[in-house]
Structures are given as structure tokens and as C-alpha cells.
Amino acid sequence: MARALSNLLLKGITGSPAGCSNRMVPASFIQRGMRYSTTVPNDNDTHDDFKPMDKFQDSATSLKDVVEQDVKENPVMIYMKGVPEFPQCGFSSLAVRVLKHYNAPLSARNILENAELKSAVKAFSHWPTFPQIFIKGEFIGGSDIIMNMHQSGELKEKLKDIAVNQEKSA
């Protein structure tokens, strides 16, 4: 029964039985019935205007500078797998849910889209795992640390003035 229900659910989402899930494009997801992809196949027939580009490749700005600027300019910055609206791992999802509970402005970067960015963030924080959360320019940690801070009330105190400033500007 559960297997049949699972196959029916997957068939409704992907348009194919569960056993044929290898047809899906890597790094793709479905939202509101439409399939989206964060990667583009390397196709020689694709015009250069439509190929993915690294914004920082030809720029004088290094990824280290980008991370420093992100952390400095955003009261709450999270480097995560996926985006806040569609996290790609449970730890990232947990961190986003906890942070959104406080209505603080949340800025994020998807480390799955750029391996060099992922390495730059690790080097910047000296922390090996993701998500990585920075509040007011200070590295806090990952989802476990945020959850512990939430449970102890420490996170509420840390985010208090950020959430208040957000409400005043709205």
C-alpha cells in the first residue's frame, strides 16, 4: 500500500513512475508544478548569452572579499545548501526556520552553486560544515548552535535589535 502510494505521489510530481526517476536533471527541483534547475548542461549549441556565468570571474573582487562584504553588510547572513525558500538539506532547513521565527532580515547564499564560494566561506570562518550563520558580523555556527541558542533564549537577545530595526523600517 505504502509503495503504491509512494509511486502515485512521485508519478504526480515527476510525471513518471518512481523507478524512472533517473530522467530528472541533476540539481533540479519542482515548485508549483514547474521544474527548475540551477545548472545548465554544457552544450556547444547554446549561445554564450545563455550559458551560466561567474560574476566574479572577470572582476577584481575575490570571493574572500565577497564573503567579507556579505558578513559586514547583512545583519543575518547564512551560507547554506539551497536557498531559504527551498533548502537542500535538513540542517539548512532547520537553521532557516529558527531564524525566520524572529522576523529578522535574512540574507543567504547557496554554496551548492559555486564550489569556490564554499571553500572561501570555510576559509573565512575556519568551520568545515554548512550551514554557516553570521549575526552582526560575528560567526555563530551551524544549525545545532542556532537551535541551542534559540532554546536558551540567547538567540532572541542577539536578534532583538535587528528584528526591532526591521519592524521600524517597514
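Before reading further, recall that the structure is shown in the block above.
From a predicted model like this one, the values you see are computed outputs, not experimental measurements. (Residues numbered from 1 in each chain as written. Predicted model: local features only at pLDDT ≥ 70, side-chain atom pairs only at ≥ 80, totals over all residues. Heavy atoms only, no water.)

## What about the environment of Gly141?
Positionally, Gly141 belongs in strand S8 (residues 138-141). Classification of Gly141 by relative accessible area gives buried; the value is 1%. Considering only alpha carbons, one finds Gly141 and Phe130, 11 residues apart in sequence, at a separation of 8.6 Å. Every residue in contact with Gly141, bar those within four places of it in the chain, is listed here: Pro131, Gln132 and Ile133. (Helix = DSSP H or I, 4+ residues; strand = E, 2+ residues; numbered from the N terminus. Buried < 20%, exposed > 50% of the residue type's maximum accessible area, 1.4 Å probe, protein only. Contact = heavy atoms within 4.5 Å.)

## A few points about unusual backbone geometry
Cis peptide bonds are those with omega within 30 degrees of zero, and the linkage from Phe130 to Pro131 qualifies with 10°. Although it is not a glycine, His126 adopts a positive phi angle of roughly 60°. Looking at the element boundaries, His126 is found in the loop between helix H4 (115-125) and strand S7 (132-135). Given a relative accessible area of 69%, His126 falls into the exposed group. Even without glycine at this site, Lys136 takes up a positive phi of about 50°. Looking at the element boundaries, Lys136 is found in the loop between S7 and S8. Take Lys136: its relative accessible area is 45%, and that puts it in the partly exposed class.

## Quick notes on the packing of aromatic side chains
By the definition in use, this model includes four aromatic pairs. Seen from their ring centres, Tyr79 and Phe134 are 6.0 Å apart, and the 90° between their planes marks the pair as edge-to-face. Linking Tyr79 in strand S3 (residues 76-80) with Phe134 in strand S7, this pair joins segments that are 55 residues apart in sequence. Taking the centre distance of 5.8 Å and the plane angle of 55° together, the rings of Phe124 and Phe134 count as tilted. You can see Phe124 sitting in helix H4 and its partner Phe134 sitting in strand S7, a full 10 residues away along the chain. For Phe134, a relative accessible area of 2% translates into the label buried. (Phe/Tyr/Trp six-rings, centres within 6.5 Å; stacked < 30°, edge-to-face > 60°.)

## Some remarks on the packing of helix H3 (residues 90-100) against helix H5 (residues 143-152)
Contact geometry of H3 with H5 gives a least axis separation of 9 Å together with a crossing angle of 30°. The angle between H3 and H5 places the two elements in the roughly parallel class. With respect to the hand of their crossing, H3 and H5 are arranged in left-handed fashion. Counting all contacts with H3, which are made through Phe91, Leu94, Ala95, Val98 and Leu99, the residues of H5 involved are Ser143, Ile146, Met147 and His150. (Axes fitted to C-alpha atoms, helices over the stretch in contact; angles between N-to-C directions. Parallel < 35°, antiparallel > 145°, perpendicular 65-115°, else oblique. Left-handed = near helix turned anticlockwise from the far one by under 90°.)

Note that all results are geometric; they support no functional claim without further evidence.
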